Amino acid sequence: MYSSHARFRLSISCAWGHLSTKEIDDLLAQGDGQNVPCAMKLLRSVAMLQALNSASSQYDPMNQKIHAALRVLAVLCESLVELFFNCEMSLKQQLKCLAAYAHLSFLLYRNHGTSFMSNQLYGNTQATVKNVMFVVKVQILNDTQPFYLIQDGDDRLEGSFGHVRTDDHDPNMGVQWLCEKLGSAADCSDIFECHADWDRGHRRLGNRKLGADHMNPALWKGDVVSGGVSLQMEWIRGTGAITAVLESLG
């Protein structure tokens, strides 16, 4: 998936002190396609490339062009992943990031097609943005409740699987016993749905070093109450943020 060209680009980050050569090699290793923390770290490392100054006199015109492209990619990655990692972000800031990603990815896909991103990945990520916006719009009807964007995924499905496996000391259950365990797991999920602050998560999954796919509401510090959120305003702000970035790059 990653060519020598991509390795060269990430080496720029190494030169700026963000990553060591070994860390770059580990991030680009393709041994485990399900290593979500590694994938997230790679995307966040790419986001660090925003620190590059493409107008620096030390770069020739070709390098300046490459660095400008890398900065656009860095903004794209940050807009997609930072809202899941930064526990200080408010719901407004998260929606602004999603709006920024939706506009920038559309622009790049429109201009470069599948050489930028596969059809499936583009469709999936845009559907993610659409689904979040739809859920928030519904949530605004009860504007006193928080909306944890980190729960808009399969983490709770993994949690239900954990309940099924650890409900007793018999993980190898039959079909009938599995149905009963799934019912018990559903009851737990319903309780935590009504009382999100009761869900302390799991000791191992609560470790933030494991990655954003194992965050839980207890770790989030930003204001995520849906009251006062304007989807239209955050959409406009996201558009403005991308416009400003592109204008700064010429």
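Undergrad: Tell me about the packing of helix α5 (residues 91-112) against helix α6 (residues 119-139), and please be specific about residues and values.
TA: Each packed pair of helices is defined by two parameters, the angle between the axes and the distance between the axes. Look at α5 against α6: their axes get within 10 Å of each other, and the N-to-C directions meet at 150°. Accordingly, the angle class assigned to the pair α5 and α6 is roughly antiparallel. Both α5 and α6 take part in a crossing whose hand is left-handed. From α5, Leu95, Leu98, Ala99, Tyr101, Ala102, Ser105, Phe106 and Tyr109 reach across to α6, where they touch Asn119, Tyr122, Thr125, Gln126, Val129, Val132, Met133 and Val136. When its residues are assigned to classes, the contact of α5 with α6 shows 12 nonpolar, 4 polar and no charged.

Undergrad: Please give an account of the pattern of salt bridges that cites residues and values.
TA: Applying the stated criterion to the full structure yields 2 salt bridges. As a salt-bridge pair, glutamate 82 and arginine 44 come within 3.3 Å of each other at their nearest N and O atoms. Remark: arginine 44 occurs in helix α3 (residues 36-47) and glutamate 82 occurs in helix α4 (residues 61-85); sequence separation between them is 38 residues. For arginine 44, a relative accessible area of 31% translates into the label partly exposed. Note that arginine 237 and glutamate 234 form a salt bridge whose closest N and O atoms lie 3.0 Å from each other. Residue arginine 237 and its partner glutamate 234 are located together in helix α9 (residues 231-248), separated by 3 residues, close to a single helical turn. Residue arginine 237 is classed as partly exposed on the basis of its relative accessible area, which comes to 41%. Overall, the relative accessible area of 3% leaves glutamate 234 in the buried class.

Scoring rules and cut-offs
- Residues numbered from 1 in each chain as written.
- Predicted model: local features only at pLDDT ≥ 70, side-chain atom pairs only at ≥ 80, totals over all residues.
- Heavy atoms only, no water.
- Axes fitted to C-alpha atoms, helices over the stretch in contact; angles between N-to-C directions.
- Helix = DSSP H or I, 4+ residues; strand = E, 2+ residues; numbered from the N terminus.
- Parallel < 35°, antiparallel > 145°, perpendicular 65-115°, else oblique.
- Left-handed = near helix turned anticlockwise from the far one by under 90°.
- Contact = heavy atoms within 4.5 Å.
- Nonpolar A, V, L, I, M, F, W, Y, C, P; charged D, E, K, R; others polar.
- Salt bridge = Lys/Arg side-chain N within 4 Å of Asp/Glu carboxyl O.
- Buried < 20%, exposed > 50% of the residue type's maximum accessible area, 1.4 Å probe, protein only.

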